[in-house]
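So you can see what is in the structure, the chains are spelled out below.
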Amino acid sequence: MAPKHPPKARLEHSENVAGGAAADVHEAHHPSGPLRWLLTTNHKEIGTLYLVFSLTMFLIGGVMALVVRLELFQPGLQLVRPEFFNQMTTMHGLIMVFGAVMPGFVGLANWMVPLQIGAPDMALPRLNNFSFWLLPVAFLLLLSTLLMPGGGPNFGWTFYAPLSTTYSPPSTTFFILSLHMAGISSILGAINIIATILNLRAPGMRLMDMTLFVWTWLITAFLLIAVMPVLAGVITMMLLDINFGTSFFNAAGGGDPVLFQHLFWFFGHPEVYIMILPAFGIISVIVPTFARKPLFGYASMVYATASIAILSFLVWAHHMFSVGLPLIAELFFMYTTMLIAVPTGVKVFNWITTLFRGSITFETPMLFALAFIVLFTIGGFSGLMLAIAPADFQYHDTYFVVAHFHYVLVPGAVFSIMAAVYYWLPKWTGHYPDERIGRWHFWLSVIGVNLLFFPMHFAGLAGMPRRIPDYALQFADFNMASSIGGFLFGLSQLLFVWVVIKCIRGGVPAPAKAWDGATDLEWSVPSPAPLHTFETPPDLRRVAS
Amino acid sequence: MSGGSYYVPASSKWPVLSGLALGLFMIGTGVWLVFDRAGYLIAVGALAIVTVMALWFRDVVRESRSGLYDEQMDRSFRWGMGWFIFSEVMFFAAFFGALFYIRVFAVPWLDGEGAKGISALLWPDFVASWPLMNPPDSSVAGPHEIVDPWQLPLVNTLFLVVSSITLTLAHEGLKEGYRDSARNCLVLTIVLGVCFLVVQGVEYYEAYHHLGVTLQAGIYGATFFLLTGFHGAHVTVGATILIVMLWRLQKGHFTPDHHFGFEAAAWYWHFVDVVWVGLFLFVYVF
Amino acid sequence: MRKTYVLAALIAGVAWLERNALADGWNMPVGVTEVSRHVHGLHMTIFWICVVIGAVVFGVMFYSLFRYRRSKGAQAANFHEHTTVEIFWTAVPLLILVAMAIPATATLRDMYDASEADLDVMVTGHQWRWHYDYVGEDVNYFSNLATPREQIDGTQAKDANYLLEVDQPLVLPVDRKVRLLMTSSDVIHSWWVPDLAVKKDAIPGFVNEAWTRIDEPGIYRGQCAELCGKDHGFMPVVVHAMPQEEFDAWLAERKEEAAAAASGVDRNWTLPELMERGEQVYGTICASCHQAEGQGLPPTFPALVGNQALLDDLERHIDTVVNGVAGTPMPAFSGTLNAVDIAAVITYERNAWGNETGDIIQPSTIQAQLSP
Ligand code: HEA
Ligand code: HEA
Ligand code: CUA
Ligand SMILES: [Cu+2]
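Residues numbered from 1 in each chain as written. Chains lettered and ligands numbered in written order. Predicted model: local features only at pLDDT ≥ 70, side-chain atom pairs only at ≥ 80, totals over all residues. Heavy atoms only, no water.

**Thoughts on the domain arrangement of chain B**
Line of reasoning, step 1. You can read the domains of chain B as domain 1 (12–64) and domain 2 (75–285).
Line of reasoning, step 2. Centre-to-centre separation of domain 1 of chain B and domain 2 of chain B, based on C-alpha positions: 25 Å. (Domains from an automatic or database assignment.)

This is how it looks when you write it as structure tokens:
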């Protein structure tokens with residue numbers, strides 16, 4: 001089942017083929033200044049653009065979350081009116097999901113997929129630039145809705161009809177159009193990644209030789225292409241219901257509001273795995289590096305990822321246990337959802353066995369990766385509790401759910417992105433990130449994130465619904481703790497911004513192979529990686545024999 | 001896999017401009033729908049998109065013709081187009097899924113059948129049927145007659161099926177090096193596509209003016225126009241692409257073994273045809 | 001020695017969890033129905049399963065982290081697969097899940113069996129209040145948030161049931177199977193009372209079934225659990241469960257009240273009478289959208305004060321309130337308010353906040369429109 005040779009063997013054979021030096025032919029046509037960034041077709045520059053965009057959106061979405069946390073610091077309405085509170089919750093969710101986490105992973109893919117498979121660039125470089133520049137346009141449009149009469153989207157990031165159709169503010173049409181653009185961006189980006197992985201691997205690199213980061217992105221790209229069009233479809237139906245008098249989600253004309261939810265979650269559940277599979281890939285490359293031991297169960301990791309992706313199409317209605325599905329459907333979705341714990345468990349066990357009998361060090365990327373394993377698993381456990389349909393009647397739409405998904409998304413997806421940034425910064429900038437600030441950032445984040453999200457479990461179990469600007473007195477202590485944690489975590493992210501800027505501007509120079517336990521192909525090119533790498537693909541065929 | 005000839009284009013202004021053009025189009029659409037103003041912005045946006053895309057593809061064609069692309073590049077295009085069509089399949093799958101859900105679950109439930117039949121409490125007079133002539137609430141006027149599948153839609157089915165064949169013949173001609181036959185068959189394909197659109201236009205006119213099938217006529221009208229409308233939009237795009245391919249054929253851009261632009265257009269056209277067959281069966285006949 | 005400490009700490013930790021973290025106010029309530037006890041049992045079982053798995057997994061993980069530190073001179077081994085182990089840790093979770101699915105399935109089937117109920121109540125969600133209709137009993141009423149505005153804005157101390165109190169709770173008999181028929185008049189709401197372990201969405205145009213059989217008399221509180229617009233956080237559910245006899249007496253009393261209200265229709269009402277009643281109706285029902293002073297929240301909710309077009313057109317005013325405006329949040333009140341209330345609130349709107357039409361709308365006029 002497993003590949004005949006561990007992926008580790010690759011590096012030694014490819015050191016001599018690093019493509020750095022001969023790069024400057026293209027430099028001649030390369031415009032400088034801002035135009036360079038607008039017009040670039042280079043995967044590294046586009047990767048950087050994505051990452052900067054993602055960080056910006058994370059900060060904007062984070063500030064919105066802080067508005068929410070500030071209002072919830074105490075019972076009573078103090079800071080904002082309920083109308084605005086709902087807009088903050090909604091925009092926070094939308095921006096974090098579509099603006100921060102997804103583009104963050106796409107940025108990492110842009111940078112690292114070609115480097116890890118020995119490709120000269122992405123398969124379709126101009127398309128790549130197009131995919132990126134759609135995003136700022138889309139999000140400017142989205143943010144501008146906040147200034148329109150009646151305000152911006154206020155119906156949750158899940159925008160259930162008819163609250164989002166008949167009962168929504170006029171700006172909803174703009175929200176739909178901006179989401180269309182973000183969707184086109186994702187689809188085209190995913191097509192590019194898939195074509196790159198399938199077609200641009202260095203000679204001799206078989207599928208089962210790819211790193212797990214590349215594998216998980218291959219599968220993620222497939223998920224994106226499969227479900228983003230469904231989102232496009234459902235928002236198109238909304239557009240028609242709002243502007244052209246159709247009745248897709250209106251029983252008076254024979255439609256059904258629940259149809260909206262089926263379509264949304266057919267997209268939405270794979271979407272949450274889109275936000276975690278690349279994270280699994282990142283952890284699977286970082287842990288072996290710092291344990292100095294090959295990844296345990298490479299093949300089963302690949303199969304587990306594929307199983308999760310396939311199952312993700314069969315579980316969507318676990319978000320809809322309380323809409324009154326027929327019993328048989330309820331049971332089906334409960335069983336399939338529980339099944340997902342099995343392949344995910346395989347991953348967790350493999351990571352831990354990789355640590356077992358390793359030779360472990362704790363640099364910042366590793367710290368984030370380890371925190372990921374623990375905290376993501378906790379989020380997974382609460383997910384499993386949610387999967388038990390009768391119990392979900394009690395959890396659904398409470399802060400227990402909010403706790404669940406923040407555990408998988410913040411110390412899950414976001415931590416994995418941060419781990420990846422710390423891990424690959426030496427390759428990007430040629431300098432090591434400041435280890436001391438990195439550690440401060442790590443420990444403050446870990447403490448902050450738990451103080452922020454752990455009490456939400458209790459608030460939810462005790463009965464606090466989500467998406468409310470004000471709450472009953474028995475939830476006061478939990479909320480106060482959460483809010484303090486929120487500010488601690490939020491402010492700590494300034495350290496992250498600082499480390500990154502500092503690292504770009506200088507620091508301890510990093511050699512090509514910046515981490516002594518690293519084995520993948522990207523460590524064979526110089527640090528910082530020159531603009532053009534692998535123009536002549538490295539020949540890995542000898543290794544395969 | 002080839003050694004080092006993969007072409008990485010230098011920077012280009014077309015992608016950013018395409019993004020801006022699309023943004024303009026979207027903003028125009030929004031301003032028109034929400035504030036009922038500045039409808040011309042939509043046209044400006046659409047024109048901008050078409051122009052920039054044309055310039056972008058002009059670059060691609062030039063590069064291709066000057067031999068910058070190797071086989072690996074060709075495969076990249078193939079994967080790209082293939083996955084793009086897959087995304088379109090999923091787009092239509094969502095609409096078909098909606099249609100099935102409505103027909104199999106929602107409408108019967110409203111009339112008291114099935115697991116949520118108790119909903120009929122709210123609609124005591126409602127009788128389920130498909131096509132749904134009388135929506136549950138009397139404030140929504142249903143259609144009084146439906147489009148007869150065995151008239152115009154059947155004609156349209158023939159048009160598209162035949163057009164798929166003529167397009168295949170065109171492709172065969174191209175591969176065998178018979179440029180004229182390829183051109184003739186391609187022209188025929190385009191004509192059939194345009195005929196399809198004209199007939200669909202007539203059908204829509206009839207639907208609106210004589211049958212009462214409108215977007216507002218309850219869920220039947222809504223799903224009817226959703227599915228046929230988006231299909232029609234795809235036929236329009238497909239026919240436009242074919243016209244461009246005809247022009248390129250005339251300019252001698254294609255060689256018997258190097259004509260992926262043509263093939264991609266053909267894939268797209270066949271896909272649109274297959275969708276139509278699904279539509280014909282599930283929107284019109286059954 | 002060290003092991004003993006660790007063990008002791010572990011036991012202490014678990015004991016603390018049991019006593020505090022899982023105590024009331026931190027954990028899911030056990031509730032007052034058989035179903036809610038089953039659900040609580042499921043919840044605790046799966047929770048402890050997760051705790052145990054977590055302890056094992058994290059135990060091995062932290063053991064490895066301490067034991068195999070490079071700073072301690074650990075040398076890396078080189079193994080990277082082991083088929084037996086991999087099969088083992090695929091199979092064991094699967095078995096655990098199957099074991100978990102069995103009781104969950106049983107509970108779910110039970111929750112879905114709403115047949116043979118002793119009493120049916122139609123529960124309708126409105127932006128932002130619940131409406132209860134005792135099917136076949138001619139008793140129906142709105143249940144509105146009763147927490148005063150001042151407490152929310154912080155100008156007054158909050159009382160114990162802040163945001164969880166209503167003017168008229170849903171009254172139910174204990175030890176009877178009550179079927180709840182959920183629907184909505186506008187957007188999706190969700191009716192939830194934790195102590196009953198009932199949460200079901202109220203979907204416009206469709207009806208959902210749920211049921212409950214309460215064991216103990218008492219007052220049980222919950223909230224709307226589906227985002228339904230700006231006042232989603234302000235539409236609590238309160239259930240008052242009482243013994244059958246008490247319930248019967250209450251129901252009879254409500255029926256009489258309803259009859260009395262209906263009789264008021266025929267007499268002529270004076271302006272002050274209508275204004276007084278209208279103010280009260282306006283405050284509980286209309287103010288959430290049109291705001292306390294009738295200023296509305298444009299562009300979504302129109303102002304009623306100084307709305308000249310409206311004040312010039314009495315017909316339209318009546319028609320709007322009776323039949324609502326389709327396709328907007330403005331509900332039809334013909335089915336939920338009686339003629340007196342509608343007449344009163346329209347009179348009030350036309351004469352309050354500086355609106356000075358002097359119009360007096362008699363309940364009989366409205367009645368004529370309600371039953372054509
Ligand atoms: C990255 C994103 C992400 C991930 C990875 C997950 C993972 C999972 N989620 Fe989560 N989920 C969300 C994001 C995510 N979720 C979001 C955003 C929402 C809310 C959306 C909204 O309403 O706004 C949500 C909501 C949500 C619900 C709906 C709740 C409700 O609204 O009522 C449910 C219900 O089943 C659920 C279940 C699960 C399950 C079973 C997993 C599983 O994949 C978890 C599997 C992992 C483990 C179980 C841990 C590791 C395993 C082991 C150590 C093996 C052994 C374990 C056992 C046998 C117990 N999720
Ligand atoms: C990947 C996705 C992601 C991420 C990273 C986060 C991050 C955070 N979320 Fe997120 N959240 C969602 C996805 C995410 N969330 C989703 C999908 C929802 C559901 C929405 C819905 O219901 O529709 C949600 C809902 C949600 C709620 C529930 C709202 C409600 O139900 O009403 C809350 C409440 O506390 C919350 C809080 C936070 C906080 C405090 C953070 C923090 O981690 C944020 C930390 C970051 C910063 C704070 C910014 C960085 C700092 C600065 C810019 C410095 C300046 C700071 C200061 C001056 C203090 N989120
Ligand atoms: Cu009603 Cu939320
Ligand atoms: Cu899910």
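Now, onward.
**As for the coordination of the iron atom of ligand 1**
Line of reasoning, step 1. No other protein atom reaches the iron atom of ligand 1 as a donor apart from H404 of chain A (NE2), found 2.2 Å away.
Line of reasoning, step 2. A gap of 4.5 Å separates the iron atom of ligand 1 and the copper ion (ligand 4). (Donors = N, O, S within 2.8 Å, 3.2 Å for Na, K, Ca; no water.)

**A look at the sheet that holds strand β4 (residues 170–173) of chain C**
Residue and element names in this part refer to chain C.
Line of reasoning, step 1. The strand order β4-β10-β9 describes an open sheet built from three strands, whose pairing is mixed. The outermost strands of the open sheet, each flanked by one partner alone, are β4 and β9 (218–223). With direction set aside, neighbouring strand axes in the sheet form an average angle of 25 degrees.
Line of reasoning, step 2. Of the pairings in the sheet, the one linking β4 to strand β10 (residues 236–242) comprises four bridges and is parallel in character. Directly across from V171, in β10, lies its bridge partner H240.
Line of reasoning, step 3. Together, β4 and β10 form the strand contacts of helix α5 (residues 244–263), whose direction differs from that of β4 by roughly 135 degrees. (Pairing = 2+ DSSP bridges. Helix = DSSP H or I, 4+ residues; strand = E, 2+ residues; numbered from the N terminus. Axes fitted to C-alpha atoms, helices over the stretch in contact; angles between N-to-C directions. Contact = heavy atoms within 4.5 Å.)

**So, the nonpolar core**
Line of reasoning, step 1. Counting residues in each nonpolar core, the largest one holds 377 residues, and the members touching the most others are F98 of chain A together with Y134 and W191 of chain C.
Line of reasoning, step 2. Broken down by element, the residue count for this core peaks at 23 residues, all from helix α7 (residues 212–244) of chain A.
Line of reasoning, step 3. Once residues within four sequence positions are removed from consideration, W191 of chain C is found in contact with V123, W130, Y132, L170, L180, M182, L196, V198, K199, K200, V237 and V239 of chain C.
Line of reasoning, step 4. The next biggest cluster of nonpolar side chains, apart from the first, holds 29 residues, and it includes V265, A287, A339 and A352 of chain C. (Core = buried A, V, L, I, M, F, W, Y, C linked by side-chain atoms within 4.5 Å. Buried < 20%, exposed > 50% of the residue type's maximum accessible area, 1.4 Å probe, protein only.)

**Structural notes on the site of ligand 1**
Line of reasoning, step 1. Y273, D392, H396, H404 and R466 of chain A are the nearest of the 33 residues found near ligand 1.
Line of reasoning, step 2. Near ligand 1, the surrounding residues belong to chains A and C.
Line of reasoning, step 3. H396 of chain A is positioned with one of its side-chain polar atoms (N or O) 2.7 Å from an oxygen atom of ligand 1.
Line of reasoning, step 4. A distance of 2.8 Å is found between an oxygen atom of ligand 1 and a side-chain nitrogen or oxygen belonging to R466 of chain A.
Line of reasoning, step 5. For the shell around ligand 1, the secondary structure elements donating two or more residues are α8 (257–274), α12 (341–355), α13 (364–387) and α15 (399–429) of chain A. (Near = heavy atom within 4 Å. Polar contact = N/O pair within 3.5 Å; in protein donor to acceptor, adjacent residues only side chain to side chain.)

**Things to note about the side chain of S186 of chain A**
Residues and elements named next belong to chain A.
Line of reasoning, step 1. Mapped onto the elements of the fold, S186 is located in helix α6 (residues 172–199).
Line of reasoning, step 2. Exposure remark for S186: the relative accessible area of 15% places this residue in the buried category.
Line of reasoning, step 3. The residues touching S186, leaving out its near neighbours within four places in the chain, are M102, L224 and M228.

**Examining the site of ligand 2**
All names here are of chain A.
Line of reasoning, step 1. The environment of ligand 2 is made up of 34 residues, and the closest members are R69, H92, W157, H406 and R467.
Line of reasoning, step 2. At 3.2 Å, a side-chain N or O of R466 approaches an oxygen atom of ligand 2.
Line of reasoning, step 3. Elements that contribute at least two residues to the shell around ligand 2 include exactly α3 (43–71), α4 (82–117), α15, α16 (435–461) and α17 (476–505).
Line of reasoning, step 4. With eight residues, the single largest contributor to the shell around ligand 2 is α3.
Line of reasoning, step 5. A class-by-class count of the residues in the shell around ligand 2 yields 24 nonpolar, seven polar and three charged. (Nonpolar A, V, L, I, M, F, W, Y, C, P; charged D, E, K, R; others polar.)

**Remarks on the interface of chain B and chain C**
Line of reasoning, step 1. On the chain C side, the residues contacting the nine residues of chain B number ten residues.
Line of reasoning, step 2. Three residues stand out in chain B for area buried against chain C, namely K116, I118 and L122 of chain B, and they jointly supply 59% of the buried area on that side.
Line of reasoning, step 3. Between chain B and chain C we count two residue pairs in polar contact (both at pLDDT 80 or more) in total.
Line of reasoning, step 4. Taken together, the residues of the side of chain B that touches chain C sort by class into seven nonpolar, one polar and one charged. (Buried area = accessible area lost by both parts, 1.4 Å probe.)

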